[in-house]
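Structure at a glance
The residues making up each chain are set out below.
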Amino acid sequence: SYHKVTFNGDGTIYQSGIYDSLIFSPGHTYIIENNRTQTINNKFKADGTCSQPIQIHSNSTGIKTTLSQGSGTVTVSYVQMQDIEATGGAAFIANVTSDLGNNSGWTFTSTVTDLYWIGGSGNWNDGNHWSATSGGASACLIPSPSINVHFDANSFVSNGQTVTFNVYAYCKSM
C-alpha cells in the first residue's frame, strides 16, 4: 500500500498495488505489467496536454492491465491508451484521448471518425499535426484503429515534407 505516488518522469509498475493517490505527469510514458491491478482509493490523475500527452499501456500488447477505483469519477485527458481495463464501480471518462485498442470500462468522449494531417513535417504521434477538418485547428488526438486518416492539399506547406512513423501507427483507412 502507498499513500501518494507521483511520477515526474517515465515509469514502469511491475506489481499490483493499492494507492491513496496515483499521479502521472504530462509528456511521459507509463507501462503497467499485464494481468496486474492498481487499486486507487482516492485519486487517479493522468492529465496530459496536446503537446505533451501521457501514454499508458501494459507491457504486453494485447494483454490488459487493470486500474480499479471503487466509487466516484476518474477523468483523464490527453492520454494515448492501450490495453487498460477500468473496473471497481467508478465512472472512467477519457477526454481528448486516443483509444489505441483493447481498452474496456472507459467512456471515450471523442466522436472523431476522421483526422487530417496538418502543419507540414512531423511525427505521427504528435497530436498537433492532426485536425478533425482539412486545414483546420489541431484536434490534439492521434489516429486509432477506428479513425480514418487523410493527407490532402492542406497537409503540407512545401515539397519534400514527411510524416515520421516514430511509433506503431494505427488507423482504420488511409
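Everything below is about the structure printed above this text.
1. Some thoughts on the state of the cysteines
- On inspection of all chains with the given rule, the structure shows one disulfide.
- Across the disulfide from Cys50 sits Cys140; the S-S distance is 2.1 Å. Torsion about the S-S bond of the Cys50 and Cys140 cystine: about -100°, corresponding to left-handed handedness. Within this pair, whereas Cys50 is found in the loop between strand 5 (37-46) and strand 6 (54-58), its partner Cys140 is found in the loop between strand 16 (130-131) and strand 17 (148-150), the two being separated by 90 residues in sequence.
- The exposure class assigned to Cys140 is buried, which follows from its relative accessible area of 18%.
- The thiol sulfur of Cys171 is not disulfide-bonded, and the nearest other cysteine sulfur, from Cys50, lies at 19 Å.
- Given a relative accessible area of 27%, Cys171 falls into the partly exposed group.

2. Description of the sheet that holds strand 13 (residues 106-108)
- Strand order in the open sheet formed by three strands is 8-11-13, with parallel pairing between adjacent strands. Edge strands, defined here as strands with exactly one partner in the open sheet, are strand 8 (73-77) and strand 13. Each neighbouring strand pair of the sheet contributes to a mean axis angle of 20°, computed without reference to strand direction.
- Sheet topology places strand 11 (residues 91-95) next to strand 13; three bridges connect them, and they run parallel. Within the sheet, the bridge partner assigned to Ile93 lies in strand 13 and is Thr107.

The rules we used
- Residues numbered from 1 in each chain as written.
- Predicted model: local features only at pLDDT ≥ 70, side-chain atom pairs only at ≥ 80, totals over all residues.
- Heavy atoms only, no water.
- Disulfide = S-S within 2.5 Å.
- Helix = DSSP H or I, 4+ residues; strand = E, 2+ residues; numbered from the N terminus.
- Buried < 20%, exposed > 50% of the residue type's maximum accessible area, 1.4 Å probe, protein only.
- Pairing = 2+ DSSP bridges.
- Axes fitted to C-alpha atoms, helices over the stretch in contact; angles between N-to-C directions.

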